[in-house]
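Chain residues, written in single-letter form:
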Amino acid sequence: MIHRVLTPLDRLLDDAQRALETVLGAPAAERGNPAVGVPEVALADDERRHAAGLMRINHVGEVCAQALYCGQAAVARDEGTRTHLLHAAQEETDHLAWCLERLRELDSRPSLLNPLWYAGSYAIGALAGLRGDGWNLGFVVETEHQVEAHIDEHLQSLPAADARSRAILRTMKIDEARHAAAAEQAGARILPPPVPTLMALASMVMKSIAYRI
Ligand SMILES: [Fe+2]
Ligand SMILES: [Fe+2]
């Protein structure tokens, strides 16, 4: 395969295209949706709204992951780290697509604030990336662990009958754990305090807003 050397302008255009696809487009998953074949059970209105709120949070989480990894990749010094980050972002596209499909099935929609979540996360990713590649990967590990933790909460909190959302979240949880392990192996640094706490606070704010808006 021939690899073309990307100019800074190419990268900027790539990033802009990815941002638009993430926020406005219909992301295409490479793998099949884990909910396929899982029967849909009619949910009561309040259960359906609760499940949609949780799946909207998961969708925003995936929008943020895409943006973080692209922001980090934009400033990564080492080509290996950059490739690692863009590969991680690609795998998150499956999650993004599956969460969107489930939101629609639940008669709901993604967060109206997705452009804001994307822009904020991209900026945070680029700032983290400027500290160096060890930090960059450390940030991936922390992000993945936090996503895994909120998926666990959602698996407990989803209505018992919502097996389709649960099937998607179970697969995502396995993927996120694999992403964290891969970043650790690639040389992630352990982030110093208070960075993990600040990230957890930002994610709490995101979750409480995205559940509704
Ligand atoms: Fe993900
Ligand atoms: Fe991930």
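How each quantity is defined
Residues numbered from 1 in each chain as written. Chains lettered and ligands numbered in written order. Predicted model: local features only at pLDDT ≥ 70, side-chain atom pairs only at ≥ 80, totals over all residues. Heavy atoms only, no water. Helix = DSSP H or I, 4+ residues; strand = E, 2+ residues; numbered from the N terminus. Rg over C-alpha atoms; globule rule 2.2 N^0.38 Å. Buried < 20%, exposed > 50% of the residue type's maximum accessible area, 1.4 Å probe, protein only. Lys, Arg positive; Asp, Glu negative; His and termini not counted. Charge placed at Lys NZ, Arg CZ, Asp CG, Glu CD. Salt bridge = Lys/Arg side-chain N within 4 Å of Asp/Glu carboxyl O. Donors = N, O, S within 2.8 Å, 3.2 Å for Na, K, Ca; no water. Axes fitted to C-alpha atoms, helices over the stretch in contact; angles between N-to-C directions. Left-handed = near helix turned anticlockwise from the far one by under 90°. Contact = heavy atoms within 4.5 Å. Nonpolar A, V, L, I, M, F, W, Y, C, P; charged D, E, K, R; others polar.

**Regarding the overall build of the protein**
Check the secondary structure of the protein and you find seven helices and zero strands. Secondary structure of the protein in N-to-C order comes out as α-α-α-α-α-α-α. Expected size for 213 residues packed as a compact globule is a radius of gyration near 17 Å; at 17 Å, the protein falls within 12% of this value. With respect to the principal axes defined by its C-alpha atoms, the protein has extents near 50 × 40 × 30 Å. Within the protein, buried positions represent 48% of all 213 residues. Charge separation in the protein, taken as the distance between the mean sites of 21 positive and 28 negative side-chain charges, equals 3 Å.

**Quick word on the pattern of salt bridges**
For the coordinates displayed, the defined rule picks out 12 salt bridges. Between Glu79 and Arg82 there is a salt bridge whose closest N-O contact spans 3.6 Å. Note that Glu79 and Arg82 are positioned in helix H3 (residues 79–105) at a spacing of three residues, about one turn of the helix. Among the residues examined, Glu79 registers a relative accessible area of 47% and is labelled partly exposed. We classify Arg82 as buried; its relative accessible area is 9%.

**Here's the deal with the coordination of the iron ion (ligand 2)**
Binding of the iron ion (ligand 2) to the protein goes through Glu92 (OE), Glu144 (OE), Glu144 (OE), Glu176 (OE) and His179 (ND1), at separations of 1.9 to 2.3 Å. Donor residues binding the iron ion (ligand 2) come from one chain and are separated in sequence as E-x51-E-x31-E-x2-H. The distance between the iron ion (ligand 2) and the iron ion (ligand 1) comes to 3.7 Å, with Glu92 serving as a donor to both metals. Within this pair, whereas Glu92 is found in helix H3, its partner Glu144 is found in helix H5 (residues 133–157), the two being separated by 52 residues in sequence. This pair shows no difference in class: Glu92 is buried, exactly as Glu144 is.

**A look at the environment of Gly37**
When you line up the elements, Gly37 lands in the loop between helix H1 (8–24) and helix H2 (45–75). On a C-alpha basis, the gap between Gly37 and Arg164 in space is 8.8 Å, while along the polypeptide they are 127 residues apart.

**What to know about the coordination of the iron ion (ligand 1)**
For the iron ion (ligand 1), every protein donor is listed as Glu62 (OE), Glu62 (OE), Glu92 (OE), His95 (ND1) and Glu176 (OE), and the spread of their distances is 1.9 to 2.3 Å. Coordination of the iron ion (ligand 1) draws on donor residues from a single chain, spaced E-x29-E-x2-H-x80-E in sequence.

**A word on the packing of H2 against helix H4 (residues 114–130)**
Contact pair H2 / H4: the axes reach a minimum separation of 7 Å and the direction vectors enclose 35°. The way H2 lies across H4 gives a crossing that is right-handed. On H4, the residues touching His59, Val60, Val63, Cys64, Gln66, Ala67, Leu68, Cys70, Gly71, Gln72, Ala74 and Val75 of H2 are Asn114, Trp117, Tyr118, Ser121, Tyr122, Ile124, Gly125, Ala126, Gly129 and Leu130. By residue class, the composition of the contact of H2 with H4 is 14 nonpolar, eight polar and no charged.

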